[in-house]
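Residue-level structural notes
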Amino acid sequence: MSGKADPRPAGEGTTSRARLDRGRGALGPALELVHTGRAPTRAVLTAELGVTRATAGAVAAELEALGLIRVDARPGAAAGSQGRPSHRLEVAEDGPVALAAQVHSDGFRAALVGLGGRIVATTPSCEAVDADPAKVLGAAVEAGAELLRRTGRRCVGAGLAVPSAVAEPEGLALNPLHLDWPVGAPVREIFAACVRDAGITGPAFAGNDVNLAALAEHRHGAGRGARDLLCVATGHRGVGGALVLDGRLHTGSSGLALEVGHLTVNPEGRPCHCGSRGCLDVEADPLALLTTAGRDPGPEGSLLQQANDLIRDEYGDPVVRTAAEALIDRLGLGLAGLVNILNPDRIILGGLHRTLLDADPDRLRAVVADRSLWGRSGGVPILACSLDHNSLAGAAELAWQPVLDDPLAALAEV
């Protein structure tokens with residue numbers, strides 16, 4: 001319960017509290033419904049929770065008292081609708097935030113993320129990534145702490161996205177190849193220590209960047225409504241994948257599932273860091289595009305930016321188009337194999353892959369349909385990721401999850 005005084009008459013307050021006590025277990029599910037946009041009104045919330053209108057009202061009022069959501073004081077009905085007008089529900093714009101940090105081969109960034117996946121504030125991307133993870137994570141957390149001081153927001157916890165498989169339960173970065181960090185670096189432990197040293201309360205988490213991007217897209221972006229969502233993306237280096245099943249990330253027995261970057265798509269192709277040859281990781285990332293197009297990476301801007309700019313600005317150049325088509329074909333071959341194994345009901349693409357899809361959507365979809373058994377029977381929707389900073393938003397989802405599970409208990413600890 002919140003510590004705020006109840007302004008209602010004694011009898012009315014007692015009745016409302018009795019309703020809330022009956023619906024206490026619904027606080028978390030109710031918050032998640034509003035957080036993901038699936039309960040825009042109190043009427044929808046009532047139906048989704050399967051409780052009485054009065055109980056839903058008491059639950060919504062308590063979430064509002066906790067500063068998590070806003071209940072429209074003047075309900076209104078949509079034009080042409082029938083029945084009693086319903087109160088609209090929205091996440092509180094001035095409510096608590098989670099601190100999110102992301103590290104990639106070309107830099108790191110921190111942000112504050114509210115409920116609903118809203119980026120409240122973000123720092124500029126820093127381009128220097130030290131070989132010592134403690135220095136990088138310390139700098140990222142301090143940048144986030146400065147945002148908290150500047151905004152005065154309450155923080156529920158912190159989440160970190162890294163371009164590496166993160167082994168559970170230890171939170172070790174097993175393959176931070178493009179960061180020059182030690183293999184098996186205890187990133188969650190280091191990150192949590194940096195968070196504590198910065199005076200930030202609440203739990204700290206760490207996860208793979210593409211896993212977290214998929215989680216954010218499933219809750220707030222292009223993956224909403226999908227039951228079995230496959231996400232494949234290339235950011236600054238390498239290729240990652242993630243699978244969301246029934247709203248939960250599929251991470252395997254120890255957090256290492258969906259290492260799609262090491263699918264072989266060109267047996268005679270480039271040597272891969274894993275010891276194989278022709279993996280998606282080295283055949284369909286920004287460096288592969290620049291190399292195939294005969295372009296030397298320049299010092300200005302990240303590899304991802306340079307590759308995206310090349311396609312957007314020079315796709316009419318036959319050499320650039322041929323290079324892009326080669327990447328599309330390799331990506332499509334990898335996606336087809338994943339479709340055969342996983343049978344997803346939607347695929348979303350991020351980073352350079354999103355740009356390739358935009359450049360030639362028919363070619364990519366045709367390759368996937370032609371090379372996959374299930375693709376021939378009707379096709380799998382292939383969409384572009386729709387969120388800016390989706391890995392940051394996904395890192396924040398890790399920090400928000402305890403609040404979504406039990407708002408009263410989680411907020412009592414921060």
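Here's what I pulled together on the structure shown here. Not measured: the values here are computed from a predicted model. (Residues numbered from 1 in each chain as written. Predicted model: local features only at pLDDT ≥ 70, side-chain atom pairs only at ≥ 80, totals over all residues. Heavy atoms only, no water.)

Things to note about the overall build of the protein chain
Helix and strand counts for the protein chain come out as 16 helices and 14 strands. Taking 2.2 N^0.38 as the reference for a compact globule, 414 residues should give roughly 22 Å; the C-alpha atoms of the protein chain span a radius of gyration of 23 Å, in line with that estimate. If one aligns the C-alpha atoms of the protein chain with their principal axes, the spans along those axes are about 75 × 50 × 40 Å. A total of 414 residues make up the protein chain; the buried ones form 51% of that total. Once local pairs closer than 6 in sequence are excluded, the contacts in the protein chain between residues at least 24 apart make up 64%. Summed over all atoms, the accessible surface of the protein chain reaches about 17,900 Å², with 50% contributed by carbon and sulfur. Separation between the mean location of the 39 positive side-chain charges and that of the 49 negative ones in the protein chain comes to 8 Å. (Helix = DSSP H or I, 4+ residues; strand = E, 2+ residues; numbered from the N terminus. Rg over C-alpha atoms; globule rule 2.2 N^0.38 Å. Buried < 20%, exposed > 50% of the residue type's maximum accessible area, 1.4 Å probe, protein only. Contact = heavy atoms within 4.5 Å. Areas by Shrake-Rupley, 256 points an atom, 1.4 Å probe, with all protein chains shown as cover. Lys, Arg positive; Asp, Glu negative; His and termini not counted. Charge placed at Lys NZ, Arg CZ, Asp CG, Glu CD.)

Overview of the sheet that holds strand E3 (residues 97–104)
In space, the five strands of this open sheet follow the order E5-E4-E3-E6-E9, with mixed pairing throughout. Two strands in the sheet have a free side with no partner beyond their single neighbour: strand E5 (119–122) and strand E9 (204–208). Geometrically, the sheet is characterised by an average inter-axis angle of 25 degrees between neighbouring strands, direction not taken into account. Packed on one face of the sheet, helix H5 (residues 133–151) meets E3, strand E4 (107–113), E5 and strand E6 (155–162) and runs near 30 degrees to E4. Of the strands in this sheet, E3, E6 and E9 are in contact with helix H7 (residues 209–220), which crosses E9 at around 100 degrees. (Pairing = 2+ DSSP bridges. Axes fitted to C-alpha atoms, helices over the stretch in contact; angles between N-to-C directions.)

Let's talk about helix H6 (residues 187–197)
Turning to H6, its buried residues number three or more, namely Val 187, Ile 190, Phe 191, Ala 192, Cys 194 and Val 195. Elements that come into contact with the buried residues of H6 comprise E3, H5, E6, strand E8 (172–173) and E9. Just downstream of H6, Gly 199 is the residue with a positive phi angle, here 80 degrees.

Looking at the sheet that holds strand E13 (residues 346–351)
Read from one edge to the other, the open sheet built from five strands follows the order E12-E11-E10-E13-E14, with strand pairing classed as mixed. Looking at the sheet topology across the chains shown, the edges are occupied by strand E12 (248–249) and strand E14 (382–384). Note that strand E10 (residues 228–234) and E13 share six bridges and pair parallel. Its bridge partner being in E13, Cys 231 is matched across the sheet by Ile 348. Along the sheet, H7 contacts E10, strand E11 (240–245), E12 and E13; its crossing angle with E11, the most-contacted strand, is approximately 40 degrees. Along the sheet, helix H11 (residues 318–342) makes contact with E10, E11 and E13, crossing E10 at roughly 155 degrees.

Details of the side chain of Ser 164
The residue Ser 164 is located in the loop between E6 and strand E7 (166–167) in this model. By relative accessible area, Ser 164 is classed as buried at 2%.

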